[in-house]
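Read off the chains here:
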Amino acid sequence: MNKQFLYLDFETYYDSKQSYTLRKQSILEYVRSSQYKTLGLGYALDDGKVDWVSQKYVHAFLTAIDWSRTVLVCQNTKFDGFILHEIYKKIPAQYIDTLAMSRAVLGKTIKSHSLATLAEHFGLEAKGFLNTDGKWDLTIDEEKALADYCRHDVELCRTIYLRLAEDFPESQYPLLDQTIRMFVEPKLKLNVPMLQNASVEEAKRRADIFKEIGIDKSEFSSNVKFPILLQKYGYEVPMKESPRKMQEDGITPVMIPALALGDVDFLEMLEGQDEKLKMLCEARVAAKSTLLETRSAKMAKIGSMGLWSFDVEFSGADQTHRFSGGSGAGGNPQNFTRNSALRTAVEAPDNYELVVGDFSNIEMRLVAYLSKDPGLIEAIETGKDIYCDFASVFYGRTITKENKDERRFGKTAILGLGYGMGWNKFIRTVRTQTGQTLTEEDSRKAVDIYRTRYAQVPLLWYRLDGLIKILFGEVNPAIMPWNFPVGFAKQMILLPSGLPIRFPNLRQEQGEGKYVEWVYDIYKKGKLEKSKLYGGKMLENICQGLAGELCKTAMLAMGQDVVGQCHDELLVLCRRGLGHMTAAKLKRAMSVSPSWLPEIKLDAEVKVGSNWGIK
DNA sequence: GCTTGACGCGCC
DNA sequence: AAAAGGCGCGTCAAGC
């Protein structure tokens, strides 16, 4: 059967005065709203002429298409594909998205992945500008203007697709299709009463805190007012360097209050002996922590409108091509509060079961087998608990799973210290993740134990450090010192799939000390920012990129049954009664060693139930 | 009234 | 010599 490519762009009604826009609500709400209206569409088939279809012919036009052999290509296909599925009940054979392809191919070398920016990047005629805000019915002239505007967008989409396709690995198309399909063809349902209840309860919990203390919430939520409040009660405000803001010299960071959960001084205030101070700090956290309340309210609203889409962005994560959380279905599912209604309310539909698989410490395993560290590998292969192993050495006595606090510390060390973290940051990490307070001496000891006990890992950092000059293009990339599952090319690392981790404008610069550093420039939120590159960070990028590839391989193996993906987790749907069989299949899919690192031992924890929050 | 920058939170 | 990293979203404050 011969495929045909359909480049498509829906033009739809919006009204900013009524807040009926995609900025104000998710794609799901926008398209399911009673205000939704298709104004028309622009399209092109293969290399044919770009044409406009008026609103009253849209249905007939879409019905005449043989969807079983049609590949749909749009800029942000989640939007057009969702309209197509939800309003017109059409399902193409394959989804392609130029927005996602751009993220995969161009990454952070470009300030955004909008059609306008992409047109500029590829030297195409600029995207047009048209305002149809609030126009429900169009005059003939208005429709003509819209048609012209839309046709140009379709033309841009087609050209941009063809350009991006030159560098988009063939292997990624099925995964791109699956990612879009998870959104466009939703299968999960939301437990609306549960979400409403969660939101109401959380709102009450927070309100009670401010009522009891007798001070308005705004005094706590304001970064200006809260430190003043503390001072008024006679407390000293801890300070820290701002991570972003610099003084006028451009080098010295501005000092700001250290009153967040990531600040050790604040945690000590929060958990200390001074009851008044504790109360004030608890109220501060309550004021700043809005996610559970706002998100469950939003999800309740979405759940009442129909099935829920799992929204992730293809190649959304900085550098590594992992998925990031999408915002088209009520907010990023990657940061749904653990053990909360947000996860428990995500349910399999009637007569279905949900199977959730989670790769077991995937990044640690990658660090182990990439560095070939015998200690880590032995622990993995004998099933020894590596966290207890580390903790036993640190504490100088045998630590078992029964010693919860000690094991937790071991876990933080094993997961945290693999990418070169120093003792200073490790104190903060341990404090925020385990609540334990480390002395400088103990922190230094932990870092030292990690680097000597698993000595091949630091050795790998140093080797990767040396390889940076290959990325700079000084050394022939064909000369590789040892077998390694990623490629090194000019200003990029190539993952096995062919997707690049890019380090644009890689160069050496004078660091703060007397040493020279490798730095590169990437866009963050539309602004070019300089980042450092060093061995530990390269290993982190590589491990996260490879973990992403393993996850994608498992997704492919499970096919259309995959309904969600969250970090190292896969959500798979199956008919009631097939849960255990599906679980076994999923566990196998998540345990297969990849051809690019055949010696690695993988494992996954798989659960079967009716919702995402199983046990 | 809107956008933008900065910060903090929750997830890994 | 040593250096852990990232995403999306809500809120506040400042700028227009």
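Residues numbered from 1 in each chain as written. Chains lettered and ligands numbered in written order. Predicted model: local features only at pLDDT ≥ 70, side-chain atom pairs only at ≥ 80, totals over all residues. Heavy atoms only, no water.

A. Looking closely at the protein's contact with DNA strand B. Residues in contact with DNA strand B amount to 21 residues; listed here are only the nearest, Ser 242, Ala 260, Leu 261, Ser 289 and Arg 338. When atoms of DNA strand B within 4 Å of the protein are sorted by moiety, sugar and phosphate together comprise 90%. Separating a phosphate oxygen of DNA strand B from a side-chain N or O atom of Ser 242 is a distance of 3.1 Å. With respect to DNA strand B, the backbone of Leu 261 contributes an N or O atom lying 2.9 Å from a phosphate oxygen. Of all elements in the fold, only strand S7 (239-246), strand S8 (253-257) and helix H12 (275-288) reach the threshold of two or more residues within the surface near DNA strand B. Per element, the largest residue contribution to the surface near DNA strand B is four residues, and it comes from S7. The class makeup of the residues in the surface near DNA strand B is six nonpolar, seven polar and eight charged. (Near = heavy atom within 4 Å. Polar contact = N/O pair within 3.5 Å; in protein donor to acceptor, adjacent residues only side chain to side chain. Helix = DSSP H or I, 4+ residues; strand = E, 2+ residues; numbered from the N terminus. Nonpolar A, V, L, I, M, F, W, Y, C, P; charged D, E, K, R; others polar.)

B. Examining the side chain of Arg 431 more closely. Tracing the backbone through its elements, the reader meets Arg 431 in helix H19 (residues 423-434). Ignoring sequence-local partners within four residues, the contact set of Arg 431 consists of Val 264, Leu 267, Glu 268, Glu 271, Gln 436 and Thr 437. (Contact = heavy atoms within 4.5 Å.)

C. Empty space enclosed by the protein, seen in detail. Under the definition given, this model contains one cavity of 30 Å³ or more. Roughly 80 Å³ of internal volume is contained in the largest cavity. Taken together, Gln 178, Arg 181, Met 182, Glu 185, Pro 186, Lys 187, Leu 188, Trp 308, Phe 310, Gln 560, Val 562 and Val 563 form the lining of the largest cavity. Residue assignment for the lining of the largest cavity shows that the elements contributing at least two residues are helix H7 (173-184) and strand S19 (562-566). (1 Å grid on protein atoms, 1.4 Å probe; cavity = no way out; pocket = protein on both sides within 12 Å on 5 of 7 lines; lining within 4 Å. Points joined across faces, edges and corners; volume = space filled by probe spheres on them.)

D. Just the protein's contact with DNA strand C, in detail. Around DNA strand C, 30 residues are found, and the nearest of them are Ser 222, Ser 327, Met 421, Gly 422 and Tyr 515. Within 4 Å of the protein, the atoms of DNA strand C are drawn from sugar and phosphate moieties in a proportion of 67%. In this structure, Asn 335 approaches DNA strand C through a side-chain N or O atom, which is 3.2 Å from a base nitrogen. Side-chain polar atom of Asp 465 to a base nitrogen of DNA strand C: 2.8 Å apart, as the coordinates give it. Among the elements of the structure, helix H13 (291-303), strand S10 (324-325), strand S17 (516-524) and helix H22 (535-558) are those that each provide at least two residues to the surface near DNA strand C. Of the residues that constitute the surface near DNA strand C, the class distribution is seven nonpolar, 13 polar and ten charged.

E. Just the domain arrangement of chain A, in detail. Domain assignment breaks chain A into domain 1 (4-168), domain 2 (190-306), domain 3 (333-362 + 543-609) and domain 4 (364-538). Averaged C-alpha coordinates put domain 1 and domain 3 at centres separated by 32 Å. (Domains from an automatic or database assignment.)

F. Molecular detail of the sheet that holds strand S20 (residues 569-575). Spatially, S19-S20-S12-S21 is the arrangement adopted by the four strands of the open sheet, whose pairing is antiparallel. The open sheet has two free edges, formed respectively by S19 and strand S21 (604-609), since each of these has just one partner strand. Averaged over all pairs of adjacent strands, the angle between their axes in this sheet comes to 20 degrees, without regard to strand direction. Relative to S20, S19 is paired through four bridges, and the arrangement is antiparallel. Directly across from Gly 564, in S20, lies its bridge partner Leu 571. (Pairing = 2+ DSSP bridges. Axes fitted to C-alpha atoms, helices over the stretch in contact; angles between N-to-C directions.)

G. Seen up close, the sheet that holds strand S13 (residues 487-489). Judged by pairing direction, the sheet is antiparallel, and its three strands sit side by side in the order S13-S14-S15 without closing on themselves. Each having just a single partner strand, S13 and strand S15 (500-502) make up the two edges of the open sheet. Between one strand and the next, the sheet's axes are offset by a mean angle of 25 degrees, whatever the strand orientation. Here three bridges tie strand S14 (residues 492-494) to S15, and the two strands are oriented antiparallel to one another. Residue pairing for S15: Ile 493 is matched across the bridge by Ile 501.

H. How the structure looks around helix H11 (residues 264-271). For H11, the full list of buried residues reads Val 264, Phe 266, Leu 267, Met 269 and Leu 270. Looking at the buried side of H11, the elements it contacts are helix H10 (225-232), H12 and H19. (Buried < 20%, exposed > 50% of the residue type's maximum accessible area, 1.4 Å probe, protein only.)

I. Geometry of the environment of Gly 306. Locating Gly 306 in the fold gives a position in the loop between H13 and strand S9 (312-313). With relative accessibility at 28%, the residue Gly 306 sits in the partly exposed group. Sequence-wise, Gly 306 and Ala 287 are 19 residues apart; in three dimensions their C-alpha atoms are separated by 32 Å.

J. Fine view of the nonpolar core. Judged by nonpolar contacts, the single largest core of 166 residues is most densely connected at Trp 308, Phe 390, Phe 426, Phe 488 and Leu 539. The element best represented in this core is H22, accounting for eleven residues. Contact partners of Leu 539, with chain neighbours within four places excluded, come to Val 367, Leu 370, Gly 418, Tyr 419, Val 457, Leu 460, Trp 461 and Leu 464. In this structure, Ile 215, Phe 220, Leu 280 and Cys 281 belong to the second largest nonpolar core, which totals 20 residues. (Core = buried A, V, L, I, M, F, W, Y, C linked by side-chain atoms within 4.5 Å.)

K. Here's a closer look at the side chain of Gln 334. As for its position among the elements, Gln 334 is in the loop between S10 and helix H14 (341-344). Classification of Gln 334 by relative accessible area gives buried; the value is 14%. A polar contact is formed between the side chain of Gln 334 and the backbone nitrogen of Gly 325, at a distance of 3.2 Å.

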